[in-house]
Amino acid sequence: MDRHPPPAPPLLSLAGVSKSFGTVHALQDVSLELRAGEIHALCGENGAGKSTLVKVIAGVHRPDTGHVEVGGRPTAFGAPADAQRAGVAVIYQEPTLFPDLSVAENIFMGRQPLRRGRRIDRRAMREAAEGLFARLGVHIDPDRPARGLSIADQQLVEIAKAMSFDAHVLVMDEPTAALSGVEVERLFAVARSLRDGGAAVLFISHRFDEVFQLCDRVTVMRDGGYVSTDPVAELTVDDLVHRMVGREVSALFPKQEVAPGETVLEVEGLGRAGVFADVGFSVRAGEIVALAGLVGAGRSEVVRAVFGVDRHESGTVRVAGTTLPNGRPAAAMAAGVALVPEDRRQQGLVMEMSIERNATLTRRWSLSRLGLLRRRDEQRAAAAWAERLQLKAGRLSDAVTTLSGGNQQKVVLAKWLATEPQLLIVDEPTRGIDVGTKAEVHRLLSELAGRGIAVLMVSSELPEVLGMADRVLVMHEGRITAELARGEATEESVMYAATGQEGRAA
Amino acid sequence: MGPEVDDPTTSAAAAPPERPAPTARVGAVGSAGSALRSLLRTREASIVGVLVASVLGASLMVDGFATGRNAGFLILDVTAIALIALPMTLVIITGEIDLSVASTLGLTSAVMGQLWVAGLPLEAIVPLCVLLGSALGALNGLLVTVAGLPSLAVTIGSMAMYRGLAYVVLGDRAVADFPFSWTGGATARLPGTDVPWIALLIAVLAVVFGILLHATPVGRSLYAIGSNDEATRFSGISVRWTKLWLFVVSGTVAAGAGVFWTLQYGSARADNAFGLELSVVAAVLLGGVSIFGGRGALVGVLAGVLLLGTIRNALMLADVSSDVLDIVTGLLLVVSVVLPTTLARVRERRPRPAPPS
Amino acid sequence: MSGTEETGAPAAGTAARTGPPGAAAGEAAPQPPKEHGAGDGRAGRRIRQVRELGILLALALLVAVTTLANPGFLSGQSVRDLLLGATLLTILAVGQSMVLITRNVDLSVGSVMGLSAFAVGVTFVSLPGLPTPIVMAIGVLVGTLCGVVNGVLVAAARVPALVVTLGTLYMFRGIDYWWAGGRQINAADMPDGFLGLARITLFGIPLPAVVALAVVLAAGWYLRNYRSGRELYAVGSEPAAARLVGIPVDRRVFAPFVINGSLAGLAGVLYAARFGTLDATVGTGLELEVVAAAVVGGVAIFGGSGTVYGAALGALLLSTIDAALPMLQVGSFWQQAVVGLLILVSIGLDRLLAVRAARRLRGGGSRGA
């Protein structure tokens, strides 16, 4: 920070930007200034509106009110191409590559180096790609197709793409989520060199150490609104957390104490080549067991295999003593297993269907009489759950797309709780939902455990893991590297195990 | 620290651009909006309306249209399309397609002819042929579900193969010496009316398929599969198994239609019903079923089938060359998809505030 | 239409990430150092080459077997007939491939070809004085206009291509019937200079085949070497990403329809020149055969991959099967069944290759049991 004291003119700024989707106010009167030669952090909880903000800067969304200024002049980005022309490069959270095309083409699509006759100069393109990877210090074959690249490598290709722009403004939406320590360091070196070259970098991360290590200023958002902007040097982690959450963290997790009962789930030697190996654990009635680890550690894959959506290649899954057949979700459901999946929109809900149809999708047969479904029965069943979970919805016959993220998650929960499971698996149960609903979900999980349901929770949010779980299982690269009792689990012990730094100890 | 998704439009933005967004239900504003919305919501109602209008129009303007005799002919004309359209609707609602149906019909017909020549009694031939159709459908289904191949490509392949096998079985011969008790029986009318008995069968099957699609757990899962097969799998529904069965049903019904076709026209030929698959698909799409799956109703499809049949019949009676039929069919199909999407887009654009200048 | 195959992909990230020696500090099991994006870098390209080589091999095998059985098969006249026969399908397959690559399809090509062929005939009849090249241009123009109609409906009105082109398949055919009104145009109605085009040979190759070859090479050159050509692949591979990198998606979807229309028009002109007898049924049912040729040639039916060379080879293979079966004493009735089987085998093979390549690219099995 002290290396860059003079307040340079903003390269890009947002002034009073608001954006709504239906009834959801994703952004409300947000302002932000990105100055030349700074790395600017954007912090906020999931659902605070960061990704929407990024999409406004990228020209994907047009703001309802307010505007984007580039170099002091108001600009209307009608399309991503406009933003690119204005020198804005964006690395999205989810990589946006063309699986069928080569890595080099992915980097230079639309801007391939040309030779005589406006033909693409493949050699130059290949060399330029190699040059970019050399700067990043990684080896990726520019000629291989993007299909099959790991998430980390896809992210690196995205970074190389952004570097190839020579952009004035670089936006990185959680670029480090899937990167290892060395890769993160390299990325930081790149970001610093861009900054020193006079570019502005907007850096979004949930990792506070990264924010404090890398960034010059930090802007905090909460619930779609702007909270504050300060030099990083003037803040502590506690200040930052306080601004993001807006209340005391400990109040968020009302975990009841429950004496665990019979073992409900037993997993032994579960494995699938290249994904996870030798996974074994158990969950007892009334217990909340968290599965922690970094993104890509194989947690979701394990719970999917337990539920039977994916097949496993070795090992067994037993629920209340009976072995579940491999790859048969219907059998798992019959045995009382429910899975609230990670990706709400792709896996949890059929977005085009109505709220009530989604909520009753798992109970089609039990609601039917003589094989026939009556609308009234479906409506009644859905309405009962909507009330129990305090669903905020217009009409239950509306499509689920009309709901906010938190209420969509409630529909997923309703859909699964309606099956009266004895084992509830929740994968990132509070991802992308607002703070209020988050607390409701936590209370609900705790209450369910109190009623003797076994809960297995995959979560990437450490406070959630530490606050909710009776036991914490930590995964690293497809294996369980630690099992920590509630008393032993701290941010440090979990992170160590998650990054594999203590091997199989702990 | 996990990736965050807090943008309600992500899924819509990530969908392929040619997929029309489910705009019909999202936040309509104002009275113009709600009027449009009701119009859009009732694709089926509008196609039924067009059907009623054309039947009325044809009755008033075309001599000989509004007779029981003619209605009987009309029904016999559309029988094959109507039968095959029933399972096709289900297949398309799950997001798949079966282009091999007309070839299945042709192969069934050829086999029927060959077996008759070989001296088997029709009592044995008919069930064998229907079973053959189930097997042909199962082959399609296995290639789609087990091998994971796109049904569009698979059924283009099996369309060529089944038609080819029909030629292998029967060559370019025609077998036409089926007993009159069968051929006449196929087109027999219900006692005391001009209505062919097959109309009753179609009606019964339509009700069965309609209930299956709209009022059973299976039907619910078909829509869910077509909208998002991953979420459906996560709900414990076996997507593969369901699709496999649909292809089997599709093949079986096509074979049944083949048997009927052969008896109706009294002729088993390898090229029977050549090109019929596109007529069936056209009728289904005209009836408001989304080619991407997840949306559509059986009422609309039946109206679509009858509409095409009515127009053809009326044009023929009015001595208008049947060429116009192709133009009308194509135009209806294009308009039926262009109009709603365009209207929806116009409406979507209107309430949006002008961008700041 | 289904696509749930990538389920294992995200987790594989960790496998490939063990890369640079420094990162693997606390690694329990010793692993050989691996590159980023481990696996075989050239696997993708190899597949494509294997794919086209495969068809070439099948073609060579078929020709060899047929020639052994019947030496007359490789005679000059027979080869010329074969090439002439493959011309139309090849040209149509090239256009169709470009449409397929963008994740669309054009079912109306058969009707468009029929319409332009008839337009050529009608122009010769009603304007006898018009120079032949202008009449040919009119034929191509008719095709282009049809392509524009399809393109506008798909790209501007954003209606699914399968539905639109199914509709225009009927419309164009209907217009053709209505225009023809049962008429037939015969060789006598057209100038000899035009009909002679099909008999001209260059180095023993019929002129239409040379035209088809030129079309293949030009399209292949364009798709490989020009930005807009590569963008067709990008649009078909991942439409959402294409928008994000600023590709004008609608224009890239529109153009192939127009090109495909023009090529169908060209095919119509060549049809008229070769056969000399035109009625409203020309090209009926051809659309699915064209799609089949492209698919056999390795063009993915859901976009993003494949080459026009492959499609052309596919067309050549299908035509050769047509010509070879009678020579092999196999009843010509088998022809269509063999073509159907070939389609199924080739998409199955594509799938198998893709799954195996994915497994290799993922570097699967490197970790754990």
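Procedures and definitions
Residues numbered from 1 in each chain as written. Chains lettered and ligands numbered in written order. Predicted model: local features only at pLDDT ≥ 70, side-chain atom pairs only at ≥ 80, totals over all residues. Heavy atoms only, no water. Pairing = 2+ DSSP bridges. Helix = DSSP H or I, 4+ residues; strand = E, 2+ residues; numbered from the N terminus. Contact = heavy atoms within 4.5 Å. Salt bridge = Lys/Arg side-chain N within 4 Å of Asp/Glu carboxyl O. Buried < 20%, exposed > 50% of the residue type's maximum accessible area, 1.4 Å probe, protein only. Phe/Tyr/Trp six-rings, centres within 6.5 Å; stacked < 30°, edge-to-face > 60°. Axes fitted to C-alpha atoms, helices over the stretch in contact; angles between N-to-C directions. Polar contact = N/O pair within 3.5 Å; in protein donor to acceptor, adjacent residues only side chain to side chain. pLDDT = per-residue confidence, 0-100. Core = buried A, V, L, I, M, F, W, Y, C linked by side-chain atoms within 4.5 Å.

**Remarks on the pairing of strand β4 (residues 65–70) of chain A**
All names here are of chain A.
Part 1: Relative to β4, strand β1 (residues 10–21) runs antiparallel, the two being bridged by 5 bridges. Across the sheet, Leu 14 pairs through a bridge with Val 68, a residue of β4.
Part 2: The pairing of β4 with strand β5 (residues 73–75) spans 3 bridges and is classified as antiparallel. In the sheet register, Glu 69 faces β5, and the bridge partner there is Pro 74.

**Here's the deal with the environment of Ala199(A)**
Residue and element names in this part refer to chain A.
Part 1: Looking at the secondary structure, you find Ala 199 in the loop between α6 (181–196) and β10 (200–204).
Part 2: Spatially, the C-alpha atom of Ala 199 lies 56 Å from that of Val 319, the residues being 120 residues apart in sequence.
Part 3: What Ala 199 contacts, discounting residues up to four positions off in sequence, is Leu 11, Arg 35, Ala 36, Gly 37, Glu 38, Ala 167, His 168 and Leu 194.

**Digging into the pattern of salt bridges**
Residues and elements named next belong to chain A.
Part 1: Tallied over the full model, the rule gives 33 salt bridges over all chains.
Part 2: Residue Asp 143 pairs with Arg 126 through a salt bridge whose shortest N-O separation is 2.2 Å. Of this pair, Asp 143 sits in the loop between α4 (122–136) and α5 (151–164) while Arg 126 sits in helix α4, placing them 17 residues apart in sequence.
Part 3: When its relative accessible area of 24% is taken as the criterion, Asp 143 is described as partly exposed.
Part 4: Put simply, Arg 126, Glu 130, Asp 141 and Asp 143 are held in one network by salt bridges that share partners.

**Here we look at the packing of aromatic side chains**
Part 1: Under the definition given, this model contains 10 aromatic pairs over all chains.
Part 2: Both rings, one in Trp116(B) and one in Phe178(B), keep their centres 5.8 Å apart while their planes meet at 35°; by these two values the pair is tilted. Pair noted here: Trp116(B) is in helix α5 (residues 101–117) and Phe178(B) is in the loop between β1 (174–175) and α8 (180–186), with a separation of 62 residues, a long-range link.
Part 3: Overall, Trp116(B) belongs to the partly exposed group, its relative accessible area being 23%.
Part 4: By relative accessible area, which is 6% here, Phe178(B) ends up buried.
Part 5: Between Phe118(C) and Trp179(C), the ring centres sit 5.8 Å apart and the planes meet at 65°, which makes this aromatic pair edge-to-face.

**Focus: the sheet that holds strand β15 (residues 288–293) of chain A**
Working definition: the strands of a sheet are paired by backbone hydrogen bonds and lie parallel or antiparallel to each other.
All names here are of chain A.
Part 1: Here 6 strands make up an open sheet; going across it, the order is β18-β19-β20-β15-β21-β22 and the pairing mixed. In the strand order of this sheet, the two ends are held by β18 (337–340) and β22 (479–485), each with one partner. Each strand axis lies, on average, 20° off the axis of its neighbour in the sheet, ignoring direction.
Part 2: Along the sheet, helix α15 (residues 405–417) contacts β18 and β19 (423–427); its crossing angle with β18, the most-contacted strand, is approximately 170°.

**Looking at the sheet that holds strand β17 (residues 322–323) of chain A**
Part 1: Pairing within the open sheet is antiparallel, and its 4 strands lie in the order β14-β13-β16-β17 (chain A). Two strands in the sheet have a free side with no partner beyond their single neighbour: β14 (276–284) and β17 of chain A.

**Concerning the side chain of Ser103(B)**
Residue and element names in this part refer to chain B.
Part 1: For Ser 103, the location among the structural elements is in helix α5.
Part 2: Polar side-chain contacts of Ser 103 include one of 2.7 Å to the backbone oxygen of Met 159.
Part 3: Residue contacts for Ser 103: discarding those within four places in its chain leaves Met 159, Tyr 162 and Arg 163.

**Some remarks on the confidence of the model for chain C**
All names here are of chain C.
Part 1: Across chain C, the average pLDDT comes to 81, with 84% of residues at 70 or higher.
Part 2: Looking at the elements of chain C, mean pLDDT is at its lowest for helix α1 (residues 9–16), recorded as 35, and at its highest for helix α11 (residues 249–275), recorded as 95.
Part 3: The low-confidence segment residues 1–44, where pLDDT is below 50, has 94 contacts with residues more than four positions distant or belonging to other chains.
Part 4: In this model, residues 363–369 is a region of pLDDT below 50 whose contacts with residues beyond four sequence positions or in other chains number 20 contacts.
Part 5: Of the two predicted TM-score estimates for the complex, the pTM is 0.82 and the ipTM is 0.78.

**Some points on the nonpolar core**
Part 1: Within the largest apolar cluster, 203 residues are counted, with the highest numbers of intra-cluster contacts made by Phe98(A), Leu276(B), Leu166(C), Phe194(C) and Leu278(C).
Part 2: Apart from the residues lying within four places of it in its own chain, the contact partners of Phe194(C) are Val120(C), Phe124(C), Thr132(C), Met136(C), Val269(C), Ala272(C) and Ala273(C).
Part 3: Membership of the second largest hydrophobic core comes to 83 residues, among which are Val264(A), Leu291(A), Leu444(A) and Val458(A).

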